[in-house]
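# Inside the fold
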Amino acid sequence: MTSAFDTVTLGDAAVQVLNTADARQKANAARAVARQWLCRRMIGVAATGSVPDRPARPDHPVLMLPRDVPRRKINAGVAGRIALLHALAHIELNAIDLAFDMIARFSGQDLPEAFFDDWIAVGDDEARHFLMLEDRLQELGGGYGDLPAHDGLWQAAMETAHDLLARLAIVPMVLEARGLDVTPDMIKRLQAAGDQQSARALTIIHDDEIGHVAVGKRWFDHICDARGFTDPVAAWQDLVRKHFKGGLKPPFNTTSRDQAGFPEHYYAVFGSCRLVSGN
């Protein structure tokens, strides 16, 4: 049986995901592409068309500067939990686009097929996370797009669009690693608020993100080696200083970062590393 994916490359299918505006449709498209690629139902890897500078997005949520987005407080009843889950759903939607931009933008480079296997699996996880959070929002009486959000995450993609090593240094090894730092406290606060279902969803996301950081670290090391860099720690620190404005701030969840194979000597230079608990 043939499918719509039998005559496209993985890079072109990734561009189709990026160009899908509706959030739920984007997530479902991402999962469909992942299934087809992992079954090797596509004709190749490299994108044959251009990769968009920015992904298509729905009309809502309204995007604001990060400083203008209202702060979310879990202890503010259901409304506070909706605000938190909405912010996290927005992060996961961005994460879908970041994974598929990674695939599409660098699909023409001489990379092992395992690279694309890893990042399509990451993109599938991000899509699953978005759908899980959006379903939970609806159960609480909300929905994605109901509240304003910020566009800060895509700035990392624009900043690193020129260089795969920089993209790996910033997206999985800074942004996703930061998720490991902050999510355990959110889980505890949701549990304290009696919202065990939301807490379980965040636990799934946290545990999956350990794997995502591990994927980023593994391919960062691979590209460093391919380029002849003998000190990946110094290379990562230089890229963070160059491409991540504001720097890294503790506390760092060293327990989860260690599980991802991302040791403290990489990031300790950016601050006094106070341990935060894992799960």
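Keep in mind it's a predicted model, so treat the numbers as computed, not measured.

### Section: the pattern of salt bridges
According to the stated counting rule, one finds 22 salt bridges in the structure shown. One salt bridge connects Arg40 with Glu113, and the closest N-O pair in it is separated by 3.1 Å. On the criterion of sequence distance, the pair formed by Arg40 in the loop between helix 2 (23-38) and strand 1 (63-64) and Glu113 in helix 4 (residues 113-139) is long-range, its members being 73 residues apart. On the basis of relative accessibility, which here comes to 36%, the residue Arg40 falls in the partly exposed class. Residue Arg136 is joined to Glu139 by a salt bridge in which the shortest nitrogen-to-oxygen separation is 3.1 Å. You can see Arg136 and its partner Glu139 sitting in helix 4, three residues apart, about one turn around the helix. The class for Arg136 is buried, based on a relative accessible area of 13%. Through salt bridges with shared partners, a single ionic network connects Arg81, Arg136, Glu139 and Asp195.

### Here's the deal with the packing of helix 4 against helix 7 (residues 196-226)
Contact geometry for helix 4 and helix 7: axes closest at 10 Å, N-to-C directions at 165°. As judged from the angle between their axes, helix 4 and helix 7 are roughly antiparallel. Note that helix 4 runs across helix 7; the crossing there is left-handed. Split into classes, the residues belonging to the contact of helix 4 with helix 7 amount to 12 nonpolar, five polar and eight charged.

### Considering helix 5 (residues 152-159)
Turning to helix 5, its buried residues number three or more, namely Gly152, Leu153, Trp154, Ala156 and Ala157. Buried-residue contacts for helix 5 involve helix 3 (77-105), strand 2 (149-150) and helix 6 (164-192).

### Some points on the nonpolar core
Grouped together as the largest cluster of nonpolar side chains are 79 residues, with contacts concentrated most on Ile96, Phe100, Trp119, Phe130, Phe220 and Trp236. Elements with a contribution of two residues or more to this core: helix 1 (10-18), helix 2, helix 3, helix 4, helix 6, helix 7, helix 8 (232-243) and helix 10 (264-267). Among the elements that line this core, the one with the most residues is helix 6, at 13 residues. Once you skip the residues sitting within four places of it in the chain, Trp236 turns out to touch Ala169, Met173, Val174, Phe220, Leu248, Phe262, Tyr266, Tyr267 and Phe270.

Rules of the game
Residues numbered from 1 in each chain as written. Predicted model: local features only at pLDDT ≥ 70, side-chain atom pairs only at ≥ 80, totals over all residues. Heavy atoms only, no water. Salt bridge = Lys/Arg side-chain N within 4 Å of Asp/Glu carboxyl O. Helix = DSSP H or I, 4+ residues; strand = E, 2+ residues; numbered from the N terminus. Buried < 20%, exposed > 50% of the residue type's maximum accessible area, 1.4 Å probe, protein only. Axes fitted to C-alpha atoms, helices over the stretch in contact; angles between N-to-C directions. Parallel < 35°, antiparallel > 145°, perpendicular 65-115°, else oblique. Left-handed = near helix turned anticlockwise from the far one by under 90°. Nonpolar A, V, L, I, M, F, W, Y, C, P; charged D, E, K, R; others polar. Contact = heavy atoms within 4.5 Å. Core = buried A, V, L, I, M, F, W, Y, C linked by side-chain atoms within 4.5 Å.

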